Amino acid sequence: MPAIIFVFLVILLQRANTNLIQSINPLFVKYILGRNLFYVGAATAAYAASTLAVRYLVSIRIKPRDISRFVIVGLLLFAAAITGYFFSQNYAEFLIFVVISGFATAVIMPFLLSLVHLVSDKAVIEKNLTVYSLMLSLALVFGPLLGSALLSALSIRYIYIMLCLFALSAFFFAIKIHIKAKGAINLRLEEAHAAG
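**Describing the overall build of the protein chain**
Then, number 1: Along its length, the protein chain carries six helices and zero strands.
Then, number 2: Listed by position from the N terminus, the elements making up the protein chain come as α-α-α-α-α-α.
Then, number 3: Taken over 196 residues, the protein chain has a buried fraction of 46%.
Then, number 4: Pairs at least 24 residues apart make up 85% of the contacts formed inside the protein chain by residues separated by at least 6 positions.
Then, number 5: Only carbon and sulfur atoms are counted for the fraction: they give 70% of the accessible area of the protein chain, which is about 9900 Å².
Then, number 6: Taking the 15 positively charged and 6 negatively charged side chains of the protein chain as two groups, their mean positions are separated by 9 Å.

**Quick word on the environment of alanine 181**
Then, number 1: Here alanine 181 lies in helix α6 (residues 156-195).
Then, number 2: When the C-alpha positions of alanine 181 and asparagine 19 are compared, they lie 28 Å apart, and in sequence the two are 162 residues distant.
Then, number 3: Apart from residues no more than four positions distant in its own chain, alanine 181 is found in contact with Ala3 and Val119.

**Brief notes about helix α4 (residues 91-119)**
Then, number 1: Helix length check: α4 (29 residues) gives 41 Å between terminal C-alpha atoms against 42 Å at 1.5 Å per residue, within 8%.
Then, number 2: Maximum bend of α4: about 35°, positioned at leucine 112.
Then, number 3: N-capping of α4 is provided by asparagine 90, with a side-chain oxygen placed 3.1 Å from the backbone N of alanine 92.

**Some points on the packing of aromatic side chains**
Then, number 1: Applying the stated criterion to the full structure yields 10 aromatic pairs.
Then, number 2: Between the aromatic rings of tyrosine 39 and tyrosine 91, the centroid separation amounts to 5.0 Å while the plane-to-plane angle is 80°, which identifies the pairing as edge-to-face. Here the residue tyrosine 39 occupies a position in helix α2 (residues 37-57), and tyrosine 91 occupies one in helix α4, the gap between them amounting to 52 residues.
Then, number 3: Note on tyrosine 39: relative accessible area 27%, which makes it partly exposed.
Then, number 4: Each ring, one from phenylalanine 86 and one from tyrosine 158, has its centre 5.2 Å from the other, and the planes form 75°; the classification is edge-to-face. One end of the pair, phenylalanine 86, is in helix α3 (residues 67-87); the other, tyrosine 158, is in helix α6, and 72 residues separate them in sequence.
Then, number 5: Taking relative accessible area as the criterion, phenylalanine 86 reaches 15% and is therefore assigned buried.
Then, number 6: The class of tyrosine 158 is partly exposed, set by a relative accessible area of 43%.
Then, number 7: Taken together, the ring pairs in this structure connect Phe28, Tyr85, Phe94 and Tyr160 into an aromatic cluster.
Then, number 8: Note that arginine 35 overlies the ring of tyrosine 39, its terminal NZ or CZ placed 4.7 Å from the centroid.

Cut-off values and rules
- Residues numbered from 1 in each chain as written.
- Predicted model: local features only at pLDDT ≥ 70, side-chain atom pairs only at ≥ 80, totals over all residues.
- Heavy atoms only, no water.
- Helix = DSSP H or I, 4+ residues; strand = E, 2+ residues; numbered from the N terminus.
- Buried < 20%, exposed > 50% of the residue type's maximum accessible area, 1.4 Å probe, protein only.
- Contact = heavy atoms within 4.5 Å.
- Areas by Shrake-Rupley, 256 points an atom, 1.4 Å probe, with all protein chains shown as cover.
- Lys, Arg positive; Asp, Glu negative; His and termini not counted.
- Charge placed at Lys NZ, Arg CZ, Asp CG, Glu CD.
- Expected span 1.5 Å × (residues − 1).
- Bend = angle between axes of the 7 residues up to and from the residue.
- Polar contact = N/O pair within 3.5 Å; in protein donor to acceptor, adjacent residues only side chain to side chain.
- Phe/Tyr/Trp six-rings, centres within 6.5 Å; stacked < 30°, edge-to-face > 60°.
- Lys NZ or Arg CZ within 6 Å of the ring centre and 35° of its normal.

Laid out in structure tokens, this is it:
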């Protein structure tokens, strides 16, 4: 399969995962850890703050040639954070994994759009950007529907196992992107450097 197909699969899985995390985490804090709404809000704020901090302190410094490697590392960290959610027994432990997942999200999401550009042929970049937007929109629909279905069949804690499987699948697809598109990305960057 072309590398762009794997990019789209990573986008769909990761965006759905982040949407689900943001809806499941408050339920976990409230009903599994037994904390009040202040702690629910604090966990949500910690996720957003770690995402924002990493995006402006780390992500903007990443060189285009290293993007696919950082996506792979981010997806591995994200899967580890979800596993940590599952095993969390108290709010402090849970908050550590909230920060890690926020860090991983900030490493992954900004670079997926870059990967669409880097692995697309020039003739189909506009078309692929449209598909990118479609994948994000599908995830916004798919995520909540899946979350509702999972909540009707599983306890809140065990939903994290499903989310971890999604993250590991995205990690596998990201490795495929790195292997398949490494040469194409280097060529695209050399062309851009020569043109500049």
